[in-house]
Amino acid sequence: MIKEWLESYNPKNQAQAEQALREIMQEIALAGLQRSGFFEHAAFYGGTALRIFHDLERFSEDLDFSLLGKNPEFSLQPYTEGIISEFAAAGMKINIREKKKTAQTQIESAFLKPDTVWNELELKKIIPQNELGLRPSVMIKLEVDKNPPLGFDTEEKLLLRPFSFYVKCFVLSDLFAGKMHALLFRKWGRRVKGRDWFDMEWYIKKRVPLNLSHFIIRANDSGSYKEKKITEKAFMELLEQKIDTVSFKAIREDIVRFIPDDKMIAIWDKKYFKDLVTKIKFT
């Protein structure tokens, strides 16, 4: 099944095959979580959710989840066996390592990595012969926010492989709000995350309205914005200040490895984004 699934991506080299395998593994992991009852307690959000369910044209590495209610005692451990069993049913051996906590954190993390080698997947037509003995260099991080900002809505989204099942996901307007919170308040110093800007452009082009109520809940929860309410005008002022202070050269350099063609971002500069954000609509 994995072989047929990979061939549907028509990868041209090992790098493309590994990206295809990463996406396949993400969907198998979601299936394992669904079978084990995980989505009774949590919802899927972030760039991979957009990639899988809304055809976002960039690659995404992590699986990000939010609990539906605050639970600092939550653990991924009861659900990891379900993930391992789902991969075994698909013919792939994996191991899952939970991140050791060095300090108290509201994020529960685990890392999923295949033990299977390329030739065990019978990929002779896909991967060059001299690389067949290698394990795929693919690792997927799972993160669960145990103490999330609430005030979001969810919907059930259908996946058809490895079997037909539903995944509980954030609705798009709340995903947009979360992305804008990250873009405006990410604590990375001078570093930028080009994926934030790519995703914002995607939401605007898709005419997804931004849920300002969920945005302010997130901003208050992170301590990034002290006022309990925010107007559309105040939000736009924050966004324009951010556009004035970032390096679009650095943004382009960060995003380029996650997209299939850098021509997609040739127009990116300060003027373009100042014009683009005037198209944002609010709920």
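Residues numbered from 1 in each chain as written. Predicted model: local features only at pLDDT ≥ 70, side-chain atom pairs only at ≥ 80, totals over all residues. Heavy atoms only, no water.

Engineer: Which residues make up the environment of Ile216, and what values go with them?
Structural biologist: Take Ile216: it is sitting in helix α7 (residues 212-221). Among the residues examined, Ile216 registers a relative accessible area of 8% and is labelled buried. Each C-alpha atom of the pair Ile216 and Glu227 lies 8.4 Å from the other, and the pair is 11 residues apart in sequence. When residues no more than four places from it in sequence are discounted, the contact partners of Ile216 are Tyr225, Glu227, Lys228, Lys229 and Ile230. (Helix = DSSP H or I, 4+ residues; strand = E, 2+ residues; numbered from the N terminus. Buried < 20%, exposed > 50% of the residue type's maximum accessible area, 1.4 Å probe, protein only. Contact = heavy atoms within 4.5 Å.)

Engineer: Any chance you could break down the packing of aromatic side chains for me, citing the residues and the numbers?
Structural biologist: The full count for this structure, using the stated rule, is 22 aromatic pairs. Taken together through their ring pairs, the aromatic side chains of Phe38, Phe39, Phe44, Phe53, Phe65, Phe74 and Tyr79 make up a single cluster. Of note, Arg218 hangs over the ring of Tyr45, and the distance from its end group to the ring centre comes to 5.7 Å. (Phe/Tyr/Trp six-rings, centres within 6.5 Å; stacked < 30°, edge-to-face > 60°. Lys NZ or Arg CZ within 6 Å of the ring centre and 35° of its normal.)

Engineer: Give a detailed account of the pattern of salt bridges, specifying residues and quantitative values.
Structural biologist: Scanning all chains against the criterion turns up 16 salt bridges. Across the pair Arg58 and Asp199 runs a salt bridge whose closest N-O atoms are separated by 2.7 Å. Remark: Asp199 occurs in helix α6 (residues 194-205) and Arg58 occurs in the loop between α3 (47-54) and β2 (63-67); sequence separation between them is 141 residues. Looking at Asp199, the relative accessible area reads 0%, which means it is buried. In this structure, Lys146 and Glu108 form a salt bridge, with 3.8 Å as the shortest nitrogen-oxygen distance. One end of the pair, Lys146, is in the loop between β5 (140-145) and β6 (154-159); the other, Glu108, is in strand β4 (residues 107-114), and 38 residues separate them in sequence. The pair Lys146 / Glu108 is uniform in exposure class, with both members buried. Each member of the salt-bridge network shares a partner with another, and the members are Arg58, Lys179, Arg186, Asp196 and Asp199. (Salt bridge = Lys/Arg side-chain N within 4 Å of Asp/Glu carboxyl O.)

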